[in-house]
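One letter stands for each residue in the lines below.
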Amino acid sequence: MESTVTIPVWSLILILALAALAVLDRLLIPSVRWALRRRANRAIDELNTRLRLRIQPFKLTKRQVLIDQVLFDPAVITAVETFALENNVPREVAMDKAKRYAREIVPSFSAYAYFHIGTRLARSVSELLYRVRIGVANEEAIENISPQSSVVFVINHRSNMDYVLVTYVAAQSSALSYAVGEWAQIFLLRSLIRSMGAYFVRRDSHNTLYRKILARYVEMATRAGVVQAVFPEGGLSRDGNLRKPKLGLLSYMIKGFDPQSGRDVVFIPVGVNYDRVLEDRVLTEGGAKNTGGPPRFKFSPLVVLGFLFKNLWLRLTRRWHRFGYACVSFGAPISLSHYLSRVGVDLRTLSEDARAEEIEKLGEQLMQAVGDVIPVLPVSLVATVLLEAMRPLTLFEVKGEVFRMMSELEGKGAYVHVPRADRDYAIDVGLRMLALRHLIVVANERYQINPKEKLLLQYYANAIGHLHDQDAVAAA
């Protein structure tokens, strides 16, 4: 029993290291993890006292737990078995595929990443590029929404900057959970976006198993009261007009809605507009080529670096200007239970075709509400006036027509953003932005459209075409 055992030094070091790891794993790490979790929960409780729309416990649940809840849902298990039979593969193979889909979809929310990194980064980028303004805030109506409601922000999709801009302006209301397309599946960016509570969506996927897993996650999040943000158009507009809504996510949210459950679904229309959309040329050129389907954006480091160096040079030479105004307006909340009560419909009792028809009607109403709150900005006003005139205009004529249009739109209830409460200055801003980009030509103290840039000018006029006399703009 008192014999001496001789071992190499490296073995002793390895044994000691493993023993230290065991002590850390069993004693120290759980205590530290508990302390950090307790501190994080206190921080979230304090944060919820300041937010208009609270962060729900579902959003704070561990990601692996959410993945398991989705995978072992009876509807998903049935879909896995159906997939295995239809594709003649073992059930284990189908289940592995379902796990990959669930890991791709389910986010991993971090309050620190959202509020300390995401929103601060969103604010810096937004204010660097634009003069950010809130048009109609509707704060009182949003504050009066029941805490038991599931809130969905319904937003028009003008630019990929929409995610950044809306995150910034809504930071005082809640942490939004976005449905993000494949464009965000970039290394490092993907992890940041997932930690901010966003979930990735394959918009063109017709895989029934994938769609079932996506549907179950969205339905679970909605029932749990997670605040979500959706872009019903499903992609960026190529001509500036509002696109017809795609109702996949909307149908997942409300398909099994029970008015008696105590948790209503409340939609908040959000209108976004820019004096300059970063992707405008890509979008309009794609529309002119009529390539079909949503525009695709490929991340190109050379393009990004070229854009940065060009703007850095303009800044160093004091010729750089921000890209005009970016404005966000919030409409009046629309309660799903009140809507269904008004039209006398219970979605649970309808056939698939009848339910799809009712959801389509709701989608059209939501898009109309979004269109009504899209802010009217200087560039859109000036572009519309010059397109309708189709001839050179003096500054006096431009101002007269813009003043008339402002009064017309305000009479219809639209929000017209007038910088510094000075209409003359607003027109100067619109003319300057268009002239800097050579979309209009100034000759003999008259302003006229650049024939080579008519398509892009039309793109900005179409942003408010649904509020103005769209037939006149289209005819021009």
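Residues numbered from 1 in each chain as written. Predicted model: local features only at pLDDT ≥ 70, side-chain atom pairs only at ≥ 80, totals over all residues. Heavy atoms only, no water.

### A few points about the overall build of the chain
Rule in force here: Only runs of H or I of at least four residues qualify as helices and only runs of E of at least two qualify as strands under DSSP, and these elements are numbered from the N terminus. Throughout this description, buried means an accessible area under 20% of the type-specific maximum (1.4 Å probe, protein chains only), exposed means over 50%, and partly exposed covers the range between. Two residues qualify as a contact provided that any one of their heavy atoms is within 4.5 Å of a heavy atom in the partner residue. Note on areas: Shrake-Rupley with a 1.4 Å probe; residue coverage comes only from the protein chains shown.
When you go through the chain residue by residue, the secondary structure sums to 20 helices and 11 strands. Classification of the 476 residues of the chain by burial places 48% in the buried group. The contacts of the chain with a sequence gap of at least 6 include a subset with a gap of at least 24, amounting to 77%. Accessible surface computed for the chain: about 24,800 Å², of which carbon and sulfur atoms make up 56%.

### Observations concerning the sheet that holds strand β9 (residues 393-394)
By definition, the strands of a sheet pair up through backbone hydrogen bonds, in either a parallel or an antiparallel sense. Which entries qualify depends on this criterion: Strand pairing is defined by DSSP finding a minimum of two bridges between the two strands.
Reading across the sheet, the three strands line up as β9-β11-β10 and stay open at both edges, with antiparallel pairing between neighbours. Looking at the sheet topology across the chains shown, the edges are occupied by β9 and β10 (440-443). Both β9 and strand β11 (residues 446-449) contribute to a ladder of two bridges, which runs antiparallel. When the bridges of β11 are listed, Leu393 appears paired with Tyr447.

### Details of the nonpolar core
Quick note on the threshold: Among buried residues, those of type Ala, Val, Leu, Ile, Met, Phe, Trp, Tyr and Cys that are joined through side-chain atoms within 4.5 Å constitute a nonpolar core.
Among the nonpolar cores identified, the biggest contains 84 residues, and Phe153, Leu176, Tyr178, Leu381 and Leu409 are the most heavily contacted of them. Beyond its immediate stretch of four places on either side in the chain, Leu381 contacts Val376, Val402, Met405, Met406, Leu409, Val416 and Ile464. Core analysis: the second largest hydrophobic core is formed by 54 residues, Val70, Ala84, Tyr252 and Leu347 among them.

### Here we look at the pairing of β10
In the sheet, β10 pairs with β11 via four bridges, with the strands oriented antiparallel. Within β11, the position partnered with Val442 by the bridge is Tyr447. Counted between consecutive antiparallel strands, the loop separating β10 from β11 contains two residues, among which Asn444 sits at a positive phi close to 55°.

### Looking at the confidence of the model for the chain
Rules: pLDDT is defined as a per-residue confidence score from the predictor, taking values between 0 and 100.
Per-residue pLDDT for the chain averages 85, and the proportion of residues at 70 or more is 84%. In this model, residues 471-476 is a region of pLDDT below 50 whose contacts with residues beyond four sequence positions or in other chains number 10 contacts.

### What about the pattern of salt bridges?
What counts is decided by this rule: Salt bridge, as applied in this entry: a Lys or Arg side-chain nitrogen positioned within 4 Å of an Asp or Glu carboxyl oxygen.
Considering all chains together, one arrives at 20 salt bridges under this definition. Between Glu81 and Arg91 there is a salt bridge; the shortest N-O distance is 3.8 Å. On the criterion of sequence distance, the pair formed by Glu81 in helix α4 (residues 74-87) and Arg91 in helix α5 (residues 91-105) is long-range, its members being 10 residues apart. Looking at Glu81, the relative accessible area reads 39%, which means it is partly exposed. Note on Arg91: relative accessible area 38%, which makes it partly exposed. In this structure, Glu358 and Lys361 form a salt bridge, with 3.8 Å as the shortest nitrogen-oxygen distance. Of this pair, Glu358 and Lys361 both sit in helix α15 (residues 352-372), three residues apart, roughly one helical turn.

### A few points about the packing of α4 against helix α10 (residues 208-223)
Keep this limit in mind: Here the axes come from fitting lines to C-alpha atoms, over the contacting stretch only for helices, and the angles between their N-to-C directions go from 0 to 180 degrees. Every angle not falling under 35 degrees, over 145, or within 65 to 115 is termed oblique; those three ranges are roughly parallel, roughly antiparallel and roughly perpendicular. Residue type decides the class: Asp, Glu, Lys and Arg count as charged, Ala, Val, Leu, Ile, Met, Phe, Trp, Tyr, Cys and Pro as nonpolar, and the leftover types, Gly among them, as polar.
Viewed as axis vectors pointing N to C, α4 and α10 meet at an angle of 175°, and their least axial separation amounts to 9 Å. By the angle between their directions, the pair α4 and α10 is classed as roughly antiparallel. Here Ala75, Val76, Ala79, Val80 and Phe83 of α4 lie close against α10, whose contacting residues are Leu209, Lys212, Ile213 and Arg216. Residues of the contact of α4 with α10, tallied by class, amount to seven nonpolar, no polar and two charged.

### A word on the packing of aromatic side chains
The line we're drawing: For Phe, Tyr and Trp, rings pair up if their centres lie within 6.5 Å, where Trp contributes its six-membered ring, and each pair is then called stacked (planes under 30 degrees apart), edge-to-face (over 60) or tilted (otherwise). In this scheme, Lys NZ or Arg CZ marks a charge over a ring once it lies within 6 Å of the ring centre and within 35 degrees of the ring normal.
Taken as a whole and judged by the stated rule, the model has 12 aromatic pairs. With centroids separated by 6.2 Å and ring planes inclined at 40°, the aromatic side chains of Phe58 and Tyr217 adopt a geometry described as tilted. Here Tyr217 lies in helix α10 and Phe58 lies in helix α2 (residues 57-60), a separation of 159 residues in the sequence. For the pair shown, Phe58 and Tyr217 are each scored as buried. Joined through ring pairs, the aromatic side chains of Phe58, Tyr199 and Tyr217 make up one cluster. When the ring centre of Phe109 is taken as origin, the NZ or CZ atom of Lys59, which lies over that ring, is 4.8 Å away. The positively charged end of Arg202 is found above the aromatic ring belonging to Tyr210, 5.3 Å away from the centroid.

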